[in-house]
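So the chains spell out like this:
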Amino acid sequence: MRLVLQEFLSLDGVCQGPGAPDEDTSDGFTRGGWFVPHLDEEFERRAGTWLGAADAFLFGRRTYTNFARDWPKMTEHPFAHLLNGLPKYVASQSLTEAPWDPTTILSGDVPAQVAEVKRRPGRELQIHGSARLAQSLLAAGLIDELRLVIAPVVVGEGRRLFPDGGAPAGLRLMSNETTPGGLAMHVYAWAGRPEYGTYGADAQGRGGHA
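In this report, the structure presented in the accompanying data block is examined. (Residues numbered from 1 in each chain as written. Predicted model: local features only at pLDDT ≥ 70, side-chain atom pairs only at ≥ 80, totals over all residues. Heavy atoms only, no water.)

**Some details on helix α2 (residues 61-70)**
For step 1, the next point in the chain: Those residues of α2 lying buried are T63, Y64, N66 and F67. Along α2, the residues classed as buried sweep out an arc of 165 degrees about the axis, all on the same side.
For step 2, the next point in the chain: The secondary structure elements touched by the buried residues of α2 are β2 (54-60), α3 (80-85), β3 (88-91), β4 (103-106) and β5 (124-128). (Buried < 20%, exposed > 50% of the residue type's maximum accessible area, 1.4 Å probe, protein only. Helix = DSSP H or I, 4+ residues; strand = E, 2+ residues; numbered from the N terminus. Arc of directions from axis to C-beta. Contact = heavy atoms within 4.5 Å.)

**Concerning the sheet that holds strand β8 (residues 184-190)**
For step 1, the next point in the chain: The sheet built from eight strands is open, its strands ordered β4-β3-β2-β5-β1-β6-β8-β7 with mixed pairing. Of all strands in the sheet, those bounded by a partner on one side alone are β4 and β7 (171-178). Between one strand axis and the next, the sheet turns by 20 degrees as a mean value, whatever way the strands run.
For step 2, the next point in the chain: Note: strand β1 (residues 2-9) against strand β6 (residues 145-150), six bridges, orientation parallel. Note on β6: the bridge partner recorded for L9 is I150.
For step 3, the next point in the chain: This element, α2, spans β2, β3, β4 and β5 of the sheet and lies at about 115 degrees to β2. (Pairing = 2+ DSSP bridges. Axes fitted to C-alpha atoms, helices over the stretch in contact; angles between N-to-C directions.)

**Comments concerning the side chain of N84**
For step 1, the next point in the chain: Mapped onto the elements, N84 comes out in helix α3.
For step 2, the next point in the chain: Within the structure, the side chain of N84 is placed 3.2 Å from the backbone oxygen of W71, a separation counted as a polar contact.
For step 3, the next point in the chain: Other than its neighbours up to four places away in sequence, N84 contacts W71, P72, W100, D101 and P102. (Polar contact = N/O pair within 3.5 Å; in protein donor to acceptor, adjacent residues only side chain to side chain.)

Given below as structure tokens:
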């Protein structure tokens, strides 16, 4: 399976609590729900297409706990049968049981276990949210594709997908779209470590400007 990260971001890179004020109040975060005002039918259509490619889901402990609390109650939601019915994996060193069936707990060397799951037959193993887990798997070179949906808002505080001190990564833009609600949907493929260069006259032949 390909490992695909899907993340909602603000313009300043915040990924915490996009869906509701009480979704994730950890570390005193009080600005949740910033993504919701920008939802529209075009995004819902694209999100449904992406979810339809999943054969399993991978979560960090915090995101898993929130999803396991909310999604079993959302039986009328058009995506509920996918999130509730497909196999789920949760990376955690502390969980001893995972009531949102069917769920497998991954502990110990999580990157190695995720690599093993990726070798199983299937289309996509999708990560939703789970920023800390995503950071570690990106550093390990295990994420094949990133789907970043950026809302036109500056939150000003909160957990970020790409914090200072994070592992560098080279990405290749595969597609980009915008929705009537102002969401920018960027799809990137993992491209190894970043390349670096010096801007100057020698860049003329490569489209640079002196």
